[in-house]
Amino acid sequence: MRRRLFVMLTTAAVLLVVAVVRMSPVSAVTSDPYAYKNVRIDGGGFVPGIIFNQTERNLIYARTDIGGAYRWNQSTKSWTPLLDWVGWDKWGYNGVISLATDPVQTNRVYAAVGMYTNSWDPNNGAILRSTDKGDTWQATVLPFKLGGNMPGRGMGEALSVDPNDNRVLYFGAPNGNGLWRSTDYGATWAKVASFPNPGNYAQDPNDSNGYLSHKPGVVWVTYDPRSSTQGSPTKTIYVGVADKENTVYRTTDGGATWSRLAGQPTGYLAHKGVLDTENGYLYIATSDTGGPYDGAKGDVWRYATATGTWTQISPVPSSSSDDYFGYSGLTIDRQNPGTIMVATQISWWPDVIFFRSTDSGATWTRVWDWTSYPNRSFRYKMDITENPWLTFGTNPQPPEVTPKLGWMTESLEIDPFDSNRMMYGTGATIYGTENLTQWDVSGGQFTIKPMAKGLEETAVLDLISPPSGAPLISGLGDIGGFRHTNLDAVPPMLFTQPNFTSTTSLDYAEKSPSIMVRAGNFTDADRPNDSHVAFSTDGGANWFQGSEPGGVNEGGTVAAAADGSRFVWAPRGVTPVYSVGYGNSWQQASGLPTDAVVESDRVNPMKFYGLSGGRLYVSTNGGATFTATAATGLPTSGKFKAVPGIEGDLWLAGDGGLWHSTNSGAAFTKVSGITKSVNVGFGKAAPGGNYMAIFTVATIDGVTGLYRSDDAGGSWVRINDDKHQWGNMGEALTGDPRVYGRVYLGTNGRGIIYGDRTGPPVTVTPTVTPTVTPTVTVTPTVTPTVTPTVTPTVTPTTGTGCTATYKPGNQWQGGFQAEVSVQNTGSSAIIGWKVTWTWPGDQKITQLWNGTPTQTGASVSVTNASYNGNLGANASTSFGFTASGAATSPTVACTPA
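Keep in mind that this is a model prediction, so the values were computed, not measured.

Undergrad: Residues and numbers for the overall build of the chain, please.
TA: Regarding its fold elements, the chain presents one helix and 68 strands. Over its C-alpha atoms, taken along the principal directions, the chain stretches across nearly 85 × 65 × 60 Å. Counting all 897 residues of the chain, 60% fall into the buried class. About 31800 Å² of surface is accessible on the chain, with carbon and sulfur atoms providing 50% of the total. Looking at charge distribution, the chain has the averaged site of its 62 positive side-chain charges lying 2 Å from that of its 70 negative ones.

Set out below in structure tokens:
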């Protein structure tokens, strides 16, 4: 799938700020220890490179275009992130254009990093080097930029280690910078002046913003280790160049001189160059574009290194009318070097095609074949049990199937130690197999499964954590978003009905949190009858779309009234609108500029806010009209949110600082000591406190990090460290209203991070509730009928060491929702709990989150989830569920484990 560029553009924007009134200085910033994990999704983005070490079994790396690099952990069959230490100052290092693993000293690994070669990335690229398999790194900054998220990023690998003398590395650079060499394990680099061709291909040389005019340049380096002995630099080296007339070069004297390889094919770009040293063949896979999204023609060639003979071995030659794709994803079975595989670049419809040859390309078989159209036969079967969302909720008609075998498969790699294991990258995940040779068995099928556990590559655009229901709802680029009922398990399906390519905004009704709204983007021409806004009345489990005003092409931002009675929506490029009810009709909001960021007050259902051009706008009549407040000195753009439980209490993050208002934005106070902030969010108050914990990604006392305040911004603690910075983090941010200290952090390419405190217990002095200046509420033209909320009768029952409290929630015809809180009443920690009750009728649990239910007849028991069983003295947690039948309030009991 296409990676987003607008995320980076938003977070990198330069904002202007003028002086405003300052609060008293914050206290010295201390730290609070946290443990961080990913909210598990698995994958979610393009993996252009998978690299197997050729001499150490199970040493495998993966590189991504915006999400850093990873190392395979064989014992857990998962990936370990290696670049989480990259911070805001070097966020582009999470774009990895190439990676090399040392075949001699296998602890050494190298990465060429830098995300954009145009103005979007302010920094030059760098070569990172590690002597502990990527646990720690040193960097050498290059005199030019690199493009880990630029066109041609799936070609390669451009960075390589000499297998005979591992002090020597080569790197192929983009945009006319040629070929570079290091002779000291990557510490210093010099341009190879004798290399004759830096590459002239660009997808669109006239692109004014510098993206499609990017030149991939020198794209791969392949050694012939037979040309030298161990300890001496390899003499014969092949280099691929993005030049359709001159795409392969060779040196036979260790780089002193180079020449265009004689007789080579022309008209296409060699994406890959792989050498079979046993049979003496160099293979190249070519395409008519640099990819990764396109490619309509190409060929596969075999070069005999002993004779200089080129042989076209294309499974479908470019001269054929059946060739509607180029080739990439080239690999050799090192256990049986006559066995090679190649992938199409690009065959969107009906699917990618893999080709396999066991005779060095003389003959080929396909991973699928046409039978009688539209039917196909398959040499594989797919098992996505672990990641069921990979169907994308589609139900395609033949010849298409779901899930797709893949797309953008630039990296297709057979394990050099195991002919049965193969991995390949797609636009959404890493797939693999452990019984590949079944391909060669008559009538056999090999099994493909996701192999992306631990590799989290989503760009996170918004997050909400409501006070009941699922703990987290996410808005993501490329794959829409999820309802996360278990943070440590892959959710079964992304948002559908409608499906947004990217969810740009989320909100819930603070007083009725099962009511939610989301706005997002998709290609309008593909779905002209779908809306860019959707609603849920069951906490995000199911969604339905509303109508939309004319001219809407992008979701923008959206806000829900505190009671869920109405919504304000600011679609991108369209005048903001409001709706009473679930978007059956929309009316223009008066006085609010186009593209304003909108939020709702979390107490007053008739009050909404908008931020645009350094002004804060307020509506007190449900979004019908907005008026700019007198507040000045605010950033021209930013993120702001209202504090739950306190009307008119706002926090605003932007370039230049962090601002606080206690009177609905009539005036703001700037927090002293904070020179920049990216976002702000709120979570459960600290024990003893009555003001929600505040989280911010900000620069405080010169240090950019993730911070928490337990005293309404009076003091701050840093809750991340230098090893956990996640690049340009903070586009999305929220705390958890049910778990003190828990924070949910969105990244641009490393997925959703959540953190919990690991330090000693915290107790704070209650904060004085800010005085709110009352505002006059204008009676709206249309007054929705709101069903009165009935205060539930809570029946707490004390068990041995813990108590459980049952709280009824929403109810509907044939079903209802409830929440149960669990508190440790003992003086020492417990490691688990169990809550039990008996239904009075035929009620049955239909869905439960934050626990594991068992129901036999009317008897119900719920045990803790893996992440919320360990409760310290007086600590609490909760779980929620929906059930069928008549709503009721049973007596619940709790016992500790």
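Undergrad: Talk me through the sheet that holds strand E26 (residues 365-366); I want residue IDs and the actual numbers.
TA: The pairing of strands in a sheet comes from backbone hydrogen bonds and takes either a parallel or an antiparallel form. Sheet architecture is open: four strands sit in the order E23-E24-E25-E26, paired in antiparallel fashion. Each edge of the open sheet carries a strand with a single partner, namely strand E23 (326-332) and E26. Pairing geometry for strand E25 (residues 354-357) and E26, over two bridges, is antiparallel. Looking at E26, one finds that Phe355 is bridged to Arg366.

Undergrad: Please provide a residue-by-residue account of the packing of aromatic side chains, values included.
TA: This structure, assessed with the given rule, holds 45 aromatic pairs. On the basis of an interplanar angle of 40 degrees and a centroid distance of 5.9 Å, the ring pair of Phe567 and Tyr582 is categorised as tilted. With Phe567 in strand E42 (residues 566-570) and Tyr582 in the loop between strand E43 (577-580) and strand E44 (587-588), this residue pair connects regions lying 15 residues apart in the sequence. Aromatic rings pair up to connect Tyr806, Trp833, Trp837, Trp839, Phe879 and Phe881 into one cluster. The aromatic ring of Trp368 is capped on one face by Arg366, whose charged end is 4.6 Å from the ring centroid. Residue placement shows Arg518 over the ring face of Phe500; its charged tip is 4.6 Å from the ring centre.

Undergrad: Report on the sheet that holds E42, specifying residues and quantitative values.
TA: A sheet is described by the order of its strands in space; here four strands give the open sequence E41-E42-E43-E44, paired in antiparallel fashion. Of all the strands in the sheet, the pair left with one neighbour each is strand E41 (557-560) and E44. Note: E43 against E44, two bridges, orientation antiparallel. Counterpart to Tyr578 in the pairing with E44 is Gln587.

Undergrad: Outline the state of the cysteines, listing residues and values.
TA: Working definition: the covalent bond between the sulfur atoms of two cysteines is a disulfide. Across all of its chains, the model carries one disulfide by this definition. Here Cys802 pairs with Cys894 through a disulfide, and the sulfurs are 2.0 Å apart. Because the torsion about its S-S bond is -100 degrees, the bridge between Cys802 and Cys894 counts as left-handed. Of this pair, Cys802 sits in strand E61 (residues 802-812) while Cys894 sits in strand E68 (residues 893-896), placing them 92 residues apart in sequence. The exposure class of Cys802 is buried, given its relative accessible area of 0%. Of the residues examined, Cys894 reaches a relative accessible area of 1% and is grouped as buried.

Undergrad: Lay out the pairing of strand E53 (residues 674-683) in plain terms, naming residues and giving numbers.
TA: In terms of residue burial, E53 counts as a mostly covered element, since eight of its 10 residues are buried. Where E53 and strand E54 (residues 693-700) come together, eight bridges link them in antiparallel fashion. Across the sheet, the residue bridging to Gly683 is Ala693, located in E54.

Undergrad: Hey, could you go over the pairing of strand E24 (residues 340-345) for me, with residue numbers and the actual values?
TA: Look at any regular strand and the pattern is simple: side chains alternate between the two faces of the sheet. Taken across its six residues, E24 has six buried, putting it largely inside the fold. One ladder, built from five bridges, connects E23 with E24; its direction is antiparallel. When the sheet's bridge partners are listed, Tyr327 is paired in E24 with Thr344. Note: E24 against E25, four bridges, orientation antiparallel. By the bridge assignment, Ala343 is partnered in E25 with Phe354.

Undergrad: Requested: an account of a nonpolar patch on the surface, with residues and values cited.
TA: On the surface, a cluster of nonpolar side chains totalling about 470 Å² of accessible area is made up of Trp348, Trp349, Trp370 and Tyr373. You can see Trp370 is positioned in strand E27 (residues 368-370). Looking at Trp370, the relative accessible area reads 34%, which means it is partly exposed.

Undergrad: Which residues make up the pattern of salt bridges, and what are the values?
TA: Scanning the model with the defined rule gives 28 salt bridges in all. Here Asp42 ties to Arg40 by a salt bridge, and the two come within 3.0 Å at their closest N and O atoms. Pair check on accessibility: Asp42 and Arg40 agree, each one buried. The salt bridge involving Lys449 is made with Asp383; its shortest N-O contact spans 3.9 Å.

Undergrad: Account for empty space enclosed by the protein, with residues named and values stated.
TA: Within the structure shown, the criterion is met by three cavities of 30 Å³ or more. The computed volume of the largest cavity comes to approximately 140 Å³. Lining the largest cavity we find 17 residues, and of these Ile97, Gly152, Pro216, Val218 and Val219 sit closest to its centre.

Undergrad: Residue-level account of the nonpolar core, with values.
TA: Residues Phe354, Trp389 and Leu405 are the most contacted members of the largest nonpolar core, which totals 57 residues. Looking at this core element by element, the count peaks at four residues for E24. Leave out the neighbours within four places in its chain, and Trp389 touches Ile41, Asp42, Gly44, Ala428, Ile479, Phe482, Val490, Pro491, Pro492, Met493 and Leu494. With 23 residues, the next largest nonpolar core counts Trp88, Val697, Ile719 and Trp726 among its residues.

Undergrad: Describe unusual backbone geometry, with residues and values.
TA: Between Gly291 and Pro292 the backbone carries a cis peptide bond, its omega angle lying at 10 degrees. Take Pro292: it is sitting in the loop between strand E20 (281-287) and strand E21 (300-304). A cis geometry characterises the amide bond from Trp349 onward to Pro350, with omega recorded as -10 degrees. Along the chain, the position of Pro350 falls in the loop between E24 and E25. A positive phi angle, near 55 degrees, is found at Asn175, a position not held by glycine. Tracing the sequence through the fold places Asn175 in the loop between strand E12 (169-172) and strand E13 (179-182). By relative accessible area, Asn175 is classed as partly exposed at 31%.

Undergrad: Which residues make up the environment of Asp440, and what values go with them?
TA: Within the element layout of this structure, Asp440 appears in the loop between strand E32 (430-433) and strand E33 (446-450). Looking at Asp440, the relative accessible area reads 42%, which means it is partly exposed. Note: C-alpha distance between Asp440 and Val835 (395 residues apart in sequence) is 54 Å. Leave out the neighbours within four places in its chain, and Asp440 touches Arg356 and Thr358.

Undergrad: Just give me the short version of the environment of Leu146, but keep the residues and values in it.
TA: Within the element layout of this structure, Leu146 appears in the loop between strand E10 (138-141) and strand E11 (159-161). Classification of Leu146 as buried rests on a relative accessible area of 1%. As for Leu146 and Gly114, which are separated by 32 residues in sequence, their C-alpha atoms are 4.6 Å apart. Not counting residues up to four positions away in its chain, the partners in contact with Leu146 are Ile97, Ala112, Val113, Gly114, Met115, Tyr116, Thr117, Gly125, Ala126, Phe171 and Pro174.

Procedures and definitions
Residues numbered from 1 in each chain as written. Predicted model: local features only at pLDDT ≥ 70, side-chain atom pairs only at ≥ 80, totals over all residues. Heavy atoms only, no water. Helix = DSSP H or I, 4+ residues; strand = E, 2+ residues; numbered from the N terminus. Buried < 20%, exposed > 50% of the residue type's maximum accessible area, 1.4 Å probe, protein only. Areas by Shrake-Rupley, 256 points an atom, 1.4 Å probe, with all protein chains shown as cover. Lys, Arg positive; Asp, Glu negative; His and termini not counted. Charge placed at Lys NZ, Arg CZ, Asp CG, Glu CD. Pairing = 2+ DSSP bridges. Phe/Tyr/Trp six-rings, centres within 6.5 Å; stacked < 30°, edge-to-face > 60°. Lys NZ or Arg CZ within 6 Å of the ring centre and 35° of its normal. Disulfide = S-S within 2.5 Å. Patch = residues over 30% accessible without salt bridge, like charges linked within 9 Å, V, L, I, M, F, W, Y side chains within 5 Å. Salt bridge = Lys/Arg side-chain N within 4 Å of Asp/Glu carboxyl O. 1 Å grid on protein atoms, 1.4 Å probe; cavity = no way out; pocket = protein on both sides within 12 Å on 5 of 7 lines; lining within 4 Å. Points joined across faces, edges and corners; volume = space filled by probe spheres on them. Core = buried A, V, L, I, M, F, W, Y, C linked by side-chain atoms within 4.5 Å. Contact = heavy atoms within 4.5 Å.

The quantities given are spatial measurements derived from coordinates; they are silent on function.
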